[in-house]
Amino acid sequence: MSNMMELRQKVLEKNFSRMNQRQQEAVFHVNGPLLILAGAGSGKTTVLINRIANLIRFGNAYHSQNTASLTEEDCAAMEAYINGSAPLEPGTKARLAVNPCQPWQVLAITFTNKAAGELKDRLEAMLGEEGRDIWASTFHSTCARILRRYGDRLGFTNHFTIYDTDDSRRLMKECQKALNIEDKSLSYKTILNEISHAKDRMISPDDYANAAGADFRLGLVAKAYKLYQSRLSEADAMDFDDLLCNAVQLFLKCPDVLEYYQNRFRYIMVDEYQDTNHVQYLFVKLLAEKYKNICVVGDDDQSIYKFRGATIENIMSFEKSFPGAKLVRLEQNYRSTKNILAAANAVIENNLERKGKTLWTENPEGEKIALHTAFSEADEADYISKKILDGVAAGKKYADYAILYRMNSQSNTLEKVFVKSGVPYRIIGGLRFYERKEIKDLIAYLSVINNPSDEIRLRRIINQPKRSIGDKTISQAAEIAASIGESLFYVISHADEFEPLKRTAPKLLAFAGLINQLISLSSTARLNELYQAILMKTQYIEKLKESENDDAQDRIDNINELASNLIQYEENNGEDTTLEGFLEEVSLMTDIDNYDGNTDAVVMMTMHSAKGLEFPCVFLPGFEEGIFPGVQAIYTPGEVEEERRLAYVAITRAREELTILNAESRMIFGSTNHNKASRFSAEIPEELVNKSRAREWKKPIPGTVLPVSSHESRSASVNAARHFGPAGISQPHKPTDSYRVGDSVRHKAFGAGMILSATPMGNDTLLEIAFDGVGTKKIMANFARLTKE
DNA sequence: CCCTGGCCGCTTTTT
DNA sequence: GCGGCCAGGG
């Protein structure tokens, strides 16, 4: 019989032969807790997917002694398969399994929606239909889904609203007002931070008040916390942290619910475990308590979210929290060259607080790492843009390049230079699509239609576009609402019944009527029809046009983009499409989720956003003391270690080429600084690097300086490139020879004008245009979005 | 009630 | 350098 067992093991090994030994260890360990310490680029997603596939296809076949299901014929079939003389026949394959699990018994939690989506796609590709039934989602959406079902146990309806940071901010400001807390003495930021930490530790407002004792400031925070929570529940809303701690709360309060999910999720997997915080740990711990089939994947060296509560502790003490846990280290890197890896190892070695591991690779040595010192941030951007253009001329694609920086604001200089030199780019993060005013407004309309008691969002749109309903009226109405225990929307709908509102009653009633109309429409109309009705009835676009805002057209583009998102959502969900579903997806969505990498453009994002991604060529600008590591981190060893981990993440994003840059002078927050090169670049051994520096101060050549003022450039071309979706990509290769001197053209921001000169530059043409009433501007043709008159 | 202009302060990272 | 907030004028 042991023969049979060995044979089966060999078959499985062959079936998963694309995994290395360590990876197989992780794949075959299915029962009991498992910690996978997976270095950057060690194929952890592949392991995760194969492990799930193994769970579903073969269960515990590898370690099981039970071979009862196998026949003598299977034995022969297995031998044939191992010899390579025959493929594995489905019947035999099915009989290999020992206690396989159902797809819906698997829960895979990731950090971003993008990672979840990728996991789903790859699982579907591997397992077909079955792959669809696996729950692969983020902590937040997993919790949201559970709360949609059982939130009533905590006093929420099943269509509660999810507040994003902006909503939370607005709400806290109102709480401050109500409690007479001056923002100067105790800022909303501080309070929200405190609350977030409290929630992470599952400390309720009352607990918090008790702990605050006689401390005046903490007492105020406690009051604000209490008010904030009661306002949230009045509005039937949860903030991001609530999603997690309410889910945990639910499990603690309702053992039947917990048990239901414990039974349902027999196998739990958590990706990026080093980035989990305390509540997330509790959530996972509770779910896994019954069967203890928990597998976490993480890398202590890549823990970069301490600032928002992630504790390295979770990964450090996993073996204590889950006794008997098996530990597997994945140290073979499949991504980067030897040089890049050596650099990364050398940097991270300077951290004291780590589990310790050293990545190695069979990849070639590769190029040395380029360390370039520029004069200024503009010079730095110039250097990058030239390198990219050189690379593209030599056959690379723009999309092979990524620029990863510490702060979003660093993208500005790069944008300007790229616009000028015709490098197509895409920025991830920064001002995100769903954070734009116009988008938030329209989402607020949809939210209020979905849930009229959502006061924060109601307030947002009540005078947007302008309806002559001022702050005073609103707070009066809110007061009445509070005194009679009705919602703000109720009071507005019955404005004529309240004496103090008499004067503005017609306006309020008109608004309430508008919303009520839309609500009734929402029960029958399709999502996009509803959206178009909102636009029509509010005259949103018309009012926007009237405002003659510089960026009105950009905003209208965004509004239309949202329409296509709605249609997309309808197409993806078919019969199951609901307004609520859309709103939920939107509230948990970020830009990075939308990065598909299919369009040929250089990608720019923060190092944080880049976690989990990889690129053939990576630029890391701003390696300077005071920038990276940042000023706030420099004097705290623990903080420096966190920054160093970020450096490690950044370096290991690169597959083939890595360029690290610093500038001798840099304009930051309005003033010029002279920063020393970062300690992190100094930690890379000399023999791995190729140093260079800008040789002499060159006068800005014509065209180097942006020909339009920063304000104008933002509204015109730059914002265009920041757009969501493929439409937002700047396209450099349109034919530009169609512009001739003397042509009349129209520019979005500058209006009508005439071309004075056209000078070909690279792929593009530099146009000098005399605009009526604005003066003469120099603009690159590809980015000007000119229309001929 | 709405708009503007000036002043202030902040300025990391994200679900 | 920017955006948020407030005060003052239309």
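Residues numbered from 1 in each chain as written. Chains lettered and ligands numbered in written order. Predicted model: local features only at pLDDT ≥ 70, side-chain atom pairs only at ≥ 80, totals over all residues. Heavy atoms only, no water.

## Focus: the overall build of chain A
Threshold: Only DSSP runs of H or I reaching four residues or more are called helices, and only runs of E reaching two or more are called strands; each is numbered from the N terminus. Whether a residue is buried, partly exposed or exposed follows from its accessible area with a 1.4 Å probe, protein chains only, as a fraction of its type maximum: under 20%, in between, or over 50%, in that order. The contact rule is simple, with two residues in contact once any of their heavy atoms fall within 4.5 Å. For the area figures, the Shrake-Rupley method with a 1.4 Å probe applies, and any residue is considered shielded solely by the protein chains shown.
Of the regular secondary structure elements, chain A holds 33 helices and 24 strands. For chain A, buried positions account for 56% of its 789 residues. Look at the contacts in chain A between residues 6 or more apart in sequence, and 76% of them connect residues 24 or more apart. Surface accessibility of chain A: about 35,000 Å² in total, with carbon and sulfur atoms responsible for 49%.

## As for the packing of aromatic side chains
As a reminder, the rule being used: Each Phe, Tyr or Trp ring, with Trp reduced to its six-membered ring, pairs with another whose centre is within 6.5 Å; inter-plane angles below 30 degrees give stacked pairs, above 60 give edge-to-face pairs, and intermediate values give tilted ones. Here, a charge over a ring is recorded when the distance from Lys NZ or Arg CZ to the ring centre is within 6 Å and its angle to the ring normal is within 35 degrees.
For the structure shown, the criterion picks out 22 aromatic pairs. Each ring, one from tyrosine 305 and one from phenylalanine 307, has its centre 5.7 Å from the other, and the planes form 45°; the classification is tilted. We classify tyrosine 305 as buried; its relative accessible area is 10%. Within the aromatic cluster, the residues linked to one another by ring pairs are Trp135, Phe139, Tyr150, Phe251, Tyr260, Tyr261, Phe265 and Phe283. In this arrangement the basic side chain of arginine 148 is found over the ring face of phenylalanine 160, its NZ or CZ atom lying 4.1 Å from the centre.

## Some words on the sheet that holds strand E1 (residues 34–38)
Worth spelling out the cut-off: DSSP calls a pair of strands paired once it identifies at least 2 bridges connecting them. Working convention: axes come from line fits to C-alpha atoms, limited for helices to the stretch in contact. Angles between N-to-C directions cover 0 to 180 degrees.
Taken together, the 6 strands give an open sheet; going across it, the order is E3-E2-E6-E7-E1-E8, and neighbouring strands pair in parallel fashion. Only two strands of the sheet have a single neighbouring strand rather than two, namely strand E3 (135–138) and strand E8 (326–330). Taken over all neighbouring pairs, the strand axes of this sheet differ in orientation by 15° on average, direction set aside. Pairing geometry for strand E2 (residues 106–110) and strand E6 (residues 267–270), over 4 bridges, is parallel. Considered in E6, the bridge of isoleucine 109 is made with valine 270. Against the sheet, helix H6 (residues 113–127) contacts E2 and E3, and its axis sits at roughly 165° relative to E3.

## Remarks on helix H27 (residues 552–573)
Selection criterion: Expected helix span is given by 1.5 Å per residue-to-residue step, counting one fewer step than there are residues.
Helix length check: H27 (22 residues) gives 32 Å between terminal C-alpha atoms against 32 Å at 1.5 Å per residue, within 8%. Of the residues flanking the end of H27, it is glycine 574, one or two places downstream, whose phi is positive at about 50°.

## Focus on the sheet that holds strand E16 (residues 654–663)
The 7 strands lie next to each other as E13-E14-E12-E15-E16-E11-E19, forming an open sheet whose pairing is parallel. The two strands at the open ends of the sheet, each matched to only one other strand, are strand E13 (425–427) and strand E19 (689–693). Across this sheet, the average inter-strand angle for adjacent strands is 20°, counted without regard to direction. Bridge analysis of strand E11 (residues 369–374) against E16 gives 5 bridges, and the strand direction is parallel. Along E16, the bridge assignment pairs alanine 370 with threonine 659. Docked against the sheet, helix H18 (residues 377–393) engages E11, strand E12 (401–405), strand E14 (602–606), strand E15 (615–620), E16 and E19, running at close to 155° with respect to E16.

## Concerning the UniProt feature "binding site: ATP" (unreviewed entry) in chain A
To keep it simple, the criterion reads: UniProt positions are given in the numbering used here, feature names are shortened, and annotations may be inferred rather than shown by experiment.
With numbering aligned to this structure, UniProt lists the feature "binding site: ATP" (unreviewed entry) at Ala38, Gly39, Ala40, Gly41, Ser42, Gly43, Lys44 and Thr45. Discounting chain neighbours no more than four positions away, the residues touching glycine 41 are Gln332, Asn333, Tyr334 and Arg335. Here threonine 45 is to be found in helix H3 (residues 44–57). Given the relative accessible area of 23%, threonine 45 is considered partly exposed. Non-local contacts of threonine 45, meaning those with residues more than four positions away in its chain, are made with Leu119 and Arg122.

## Here we look at unusual backbone geometry
Here glutamine 464 and proline 465 are connected by a cis peptide whose omega angle stands at 0°. Within the secondary structure, proline 465 sits in the loop between helix H21 (455–462) and helix H22 (471–484). Backbone geometry places asparagine 99, a non-glycine residue, at a positive phi of 50°. Note on placement: asparagine 99 falls in the loop between helix H5 (90–96) and E2. The backbone of serine 468 sits at a positive phi, close to 60°, despite the residue not being glycine. Within the secondary structure, serine 468 sits in the loop between H21 and H22. Residue classification places serine 468 among the exposed residues on the basis of a relative accessible area of 51%.

## Things to note about the UniProt feature "domain: UvrD-like helicase ATP-binding" (unreviewed entry) in chain A
In the numbering used here, UniProt assigns the "domain: UvrD-like helicase ATP-binding" (unreviewed entry) feature to residues 17–337. Along residues 17–337 the backbone is 51% helical and 11% strand, and the end-to-end C-alpha distance reaches 23 Å.

## Things to note about the nonpolar core
In summary, soluble globular proteins display a tendency toward joint burial of nonpolar side chains. Counted only if it meets this: The definition of a nonpolar core used throughout is a set of buried Ala, Val, Leu, Ile, Met, Phe, Trp, Tyr and Cys residues joined through side-chain atoms within 4.5 Å.
Ranked by internal contacts, the top residues of the largest apolar core, which has 53 residues, are Leu442, Phe511, Leu562 and Phe582. No other element matches the 8 residues that helix H20 (residues 437–450) contributes to this core. Beyond its immediate stretch of four places on either side in the chain, leucine 562 contacts Phe433, Tyr434, Ile439, Leu442, Ile443, Tyr531 and Phe582.

## Some thoughts on the packing of H20 against helix H24 (residues 505–522)
Put simply, the rule is: Each angle receives one of four descriptions, namely roughly parallel if under 35 degrees, roughly antiparallel if over 145, roughly perpendicular if within 65 to 115, and oblique otherwise. In the scheme used here, Gly and all other residues not listed as nonpolar or charged are polar, with Ala, Val, Leu, Ile, Met, Phe, Trp, Tyr, Cys and Pro taken as nonpolar and Asp, Glu, Lys and Arg as charged.
Where H20 meets H24, the axes come as close as 9 Å, and the angle between the chain directions of the two elements is 75°. With respect to H24, the axis of H20 lies roughly perpendicular. For the pair H20 and H24, the contacting residues are Tyr445, Val448 and Ile449 in the first and Ile515, Leu518, Ile519 and Ser522 in the second. Residues that form the contact of H20 with H24 fall into these classes: 6 nonpolar, 1 polar and no charged.

## What to know about the pattern of salt bridges
A side chain of one charge can pair with a side chain of the opposite charge if their charged atoms are brought near each other. Heads up, the rule is: Only one rule defines a salt bridge in this text: a Lys or Arg side-chain nitrogen within 4 Å of an Asp or Glu carboxyl oxygen.
The full count for this structure, using the stated rule, is 49 salt bridges. Here arginine 57 ties to glutamate 130 by a salt bridge, and the two come within 3.5 Å at their closest N and O atoms. With arginine 57 in helix H3 and glutamate 130 in the loop between H6 and E3, this residue pair connects regions lying 73 residues apart in the sequence. Arginine 57 gets classed as partly exposed once you look at its relative accessible area, which sits at 30%. On the basis of relative accessibility, which here comes to 33%, the residue glutamate 130 falls in the partly exposed class. Note that lysine 502 is salt-bridged to glutamate 499, the shortest N-O span being 3.9 Å. The class for lysine 502 is exposed, based on a relative accessible area of 52%. A relative accessible area of 58% places glutamate 499 in the exposed class.

## Considerations on the state of the cysteines
Stated precisely, the cut-off is as follows: We call a pair of cysteine sulfur atoms a disulfide whenever their separation is within 2.5 Å.
The full count for this structure, using the stated rule, is 0 disulfides. No disulfide involves cysteine 143; its sulfur sits 9.4 Å from that of cysteine 245, the nearest cysteine.

## Digging into the pairing of E12
When you tally the buried positions in E12, you get 5 out of 5 residues, the bulk of the element. Across the two faces of E12 the burial is the same, with Tyr401, Ile403 and Tyr405 and Ala402 and Leu404 all buried. Taken together, the 3 bridges between E12 and E15 define a ladder with parallel strand orientation. Paired with alanine 402 across the strands is valine 618, a residue of E15. Here E12 runs beside E14; their pairing, made up of 4 bridges, is parallel. When the sheet's bridge partners are listed, isoleucine 403 is paired in E14 with methionine 604.

## Thoughts on the confidence of the model for chain A
To keep things clear, this is the line we draw: The pLDDT value expresses, per residue, how confident the predictor is, ranging between 0 and 100.
Chain-level statistics for chain A give a pLDDT mean of 84 and a share of 87% at 70 or above. Across chain A, helix H13 (residues 255–264) holds the top mean pLDDT of 96, while helix H32 (residues 710–722) sits lowest at 33. For residues 699–737, every residue scores under 50 in pLDDT, and the model assigns this stretch 79 contacts once sequence neighbours within four places are set aside.

## Considerations on the pairing of E2
Consecutive side chains along a regular strand alternate between the two faces of the sheet. Heads up, the condition is: By the criterion used throughout, a crossover qualifies as right-handed when its path from the first strand across the helix to the second strand runs clockwise, the strands pointing away from the viewer.
Among the 5 residues of E2, 5 are classified as buried, and the element is accordingly described as predominantly covered. Where burial is concerned, the two faces of E2 agree: the one with Val106, Ala108 and Thr110 and the one with Leu107 and Ile109 are both buried. Across 4 bridges, E2 lies against E3 in parallel orientation. Bridge assignment links alanine 108 to a residue of E3, and that residue is alanine 136. Once the chain exits E2 it traverses H6 before rejoining the sheet at E3, and the crossover so formed is right-handed.

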